[in-house]
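In case you want the letters, here they are:
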Amino acid sequence: MSAPSPAPAAPAPRRTAAWRRRDRRWGWVFVGPQLIGMLLFILGPFAASLVLAFASWDGLTELKWVGWQNFIDQLGDELLLKSIVNTLLIAVITVPVGLALALLIAVALQNLRTRSLYLVLFFAPVVTSTVAVAMIWQQLFRSDGVLSSFIASTFHVDPPDWLGDPHLALISVCIVTIWSSVGLNSVIFLAGLQGISPSVIEAARIDGAGAWSLLTRIRMPLISPIIFFSTIVAFISSLQTFDTVFVLTSDAGPDNATRTIVYHIYDLGFGRFEFGPSSAASVILLFLTLVITALQFGAQKRFVHYESE
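Residues numbered from 1 in each chain as written. Predicted model: local features only at pLDDT ≥ 70, side-chain atom pairs only at ≥ 80, totals over all residues. Heavy atoms only, no water.

**Student:** Describe in detail the overall build of the protein chain, supporting the description with residues and values.
**Tutor:** Regarding its fold elements, the protein chain presents 13 helices and two strands. In terms of overall dimensions, the protein chain is more spread out than a globule: its C-alpha atoms have a radius of gyration of 27 Å, far above the 19 Å expected for 309 residues. Each of the three principal axes of the protein chain carries a C-alpha extent, and together these read 115 × 75 × 35 Å. For the protein chain, the residues scored as buried account for 35% of the 309 residues in total. Long-range contacts, defined as pairs at least 24 residues apart, comprise 66% of the intrachain contacts of the protein chain with a sequence gap of at least 6. (Helix = DSSP H or I, 4+ residues; strand = E, 2+ residues; numbered from the N terminus. Rg over C-alpha atoms; globule rule 2.2 N^0.38 Å. Buried < 20%, exposed > 50% of the residue type's maximum accessible area, 1.4 Å probe, protein only. Contact = heavy atoms within 4.5 Å.)

**Student:** Describe in detail the packing of aromatic side chains, supporting the description with residues and values.
**Tutor:** Using the criterion set out here, one finds 18 aromatic pairs in the structure. Relative to W179, the ring of W137 lies with its centre 5.7 Å away and its plane at 70°, an arrangement referred to as edge-to-face. Taken as a pair, W137 in helix 5 (residues 130-140) and W179 in helix 7 (residues 166-194) lie far apart in primary sequence, 42 residues in all. A relative accessible area of 13% places W137 in the buried class. Through a chain of ring-to-ring contacts, three or more aromatic side chains come together here, namely W57, F242, F246, Y263, Y266, F270, F273 and F275. (Phe/Tyr/Trp six-rings, centres within 6.5 Å; stacked < 30°, edge-to-face > 60°.)

**Student:** Give a description of helix 4 (residues 115-127) that names residues and reports values.
**Tutor:** In a regular helix each residue adds 1.5 Å, so 13 residues correspond to 18 Å; helix 4 covers 18 Å between its end C-alpha atoms and thus fits that length. The largest bend in helix 4 is about 25°, located at L121, with the proline P125 one to four residues further on. (Expected span 1.5 Å × (residues − 1). Bend = angle between axes of the 7 residues up to and from the residue.)

**Student:** Go over unusual backbone geometry, please, and point to the residues and values.
**Tutor:** Where the residue is not glycine, phi is negative for most of them; where a peptide bond is considered, it is trans in most cases. A cis geometry characterises the amide bond from G253 onward to P254, with omega recorded as 0°. Topologically, P254 is positioned in the loop between helix 11 (243-248) and helix 12 (261-271). One non-glycine residue, A252, adopts positive backbone phi at about 55°. Checked against the element boundaries, A252 lands in the loop between helix 11 and helix 12. Backbone geometry places D255, a non-glycine residue, at a positive phi of 55°. As for its placement among the helices and strands, D255 is situated in the loop between helix 11 and helix 12.

**Student:** Can you explain the nonpolar core? Please cite residues and give values.
**Tutor:** Core analysis: the largest hydrophobic core is formed by 38 residues, its most contacted members being F71, F189, I223, I261 and L285. Elements with a contribution of two residues or more to this core: helix 3 (78-109), helix 7, helix 8 (198-206), helix 9 (211-222), helix 10 (224-239), helix 12 and helix 13 (275-303). In terms of residue count, the dominant contributor to this core is helix 3 (ten residues). Sequence-distant contacts of I261, defined by excluding residues within four places in its chain, comprise S83, I84, T87, A281, L285 and L288. By size, the runner-up hydrophobic cluster in this structure holds 14 residues, among which are W162, L170, C174 and V245. (Core = buried A, V, L, I, M, F, W, Y, C linked by side-chain atoms within 4.5 Å.)

If you want it as C-alpha cells, here you go:
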C-alpha cells in the first residue's frame, strides 16, 4: 500500500512591488486633501444637519431633543409651502426654457466659423460671480433702468415694476437664472452636436428632412443622453436657488414672492437662529431633490436613446 502523497505547499504570498507601494502612498497624498475637505465641509455638516433636524438649538443654549416635531412644524408652515411652490415654479420655468434656448444657440453656432467668439460671449455670465450678475440685473430692472426705459420708449407704456410686483418678481429671478446658465448648456450641447457624424445629417437631408425634422428627429435623439444629463443638473441647481434671490430682491419680497427653499433655510438658521427647523427644512429639500431626480431617471427610458440600443 503506497504512502499518501504530500499535500501541495501553499503558494508564498506575493510581495507588493516597491514601485506599487510608492505609487499607492503618493496616491493617498494627492487624494488626502480632497478627502479631508469632503469630510470637514460636506459629510460633517451633513451629519450635523441630520442630528439638528431632531433637536432644538439656537447656537448658544443647551441642545434639546424634540424628535419629529421640527418636521411636523415645517410641513405645516405656510412659508415653507410657499417656498416649495416658488422653487418648483423657478425649476419648471428655467429648466425647459433655458435648455431650449441653449440647444437653439448650439445649433445656430455649429457651422459658424466665428463661433468661438460667440461662445466666449455666451459663456461669460457662467464664470462671472452670481452676486455681480444679480447686481447688474438689479440696475437693469430699476424703474429708470435700461430695460424699463427701452420698454417705455418703444411701446409708449409705463414700464413694469419688475422687482416690486409680486407677479413679476419671480419672473425676474427666472430671467436672470436663464441668462446666467444658458452659456454653459450651449457649450455642452455644441460639443454633443459636433460628435454627430456628418454622413447622418447628409443622409437625412437627402431623404428630404428639413431643419425642424433634423433638429427633433435626428439631432435631439442622438444627443438625448447629454440633454438628460443637463436636465438633471439644471433641476438640482434650480432647487438650490439662493444667491440670485438674496441679492436681487429685498427679503425675498415682495410679500415672499421670491422666497425659495434655500432662502427659507437661511432665514431660519441665520436670521432667526432656529437651527433645528432650518435643518429639518434642509432634509425636506434633500428628500424633494431625490424624488424629482428619481422621477427623471424613471422617465429617461421614454426619450433617452443610447448608441448601444
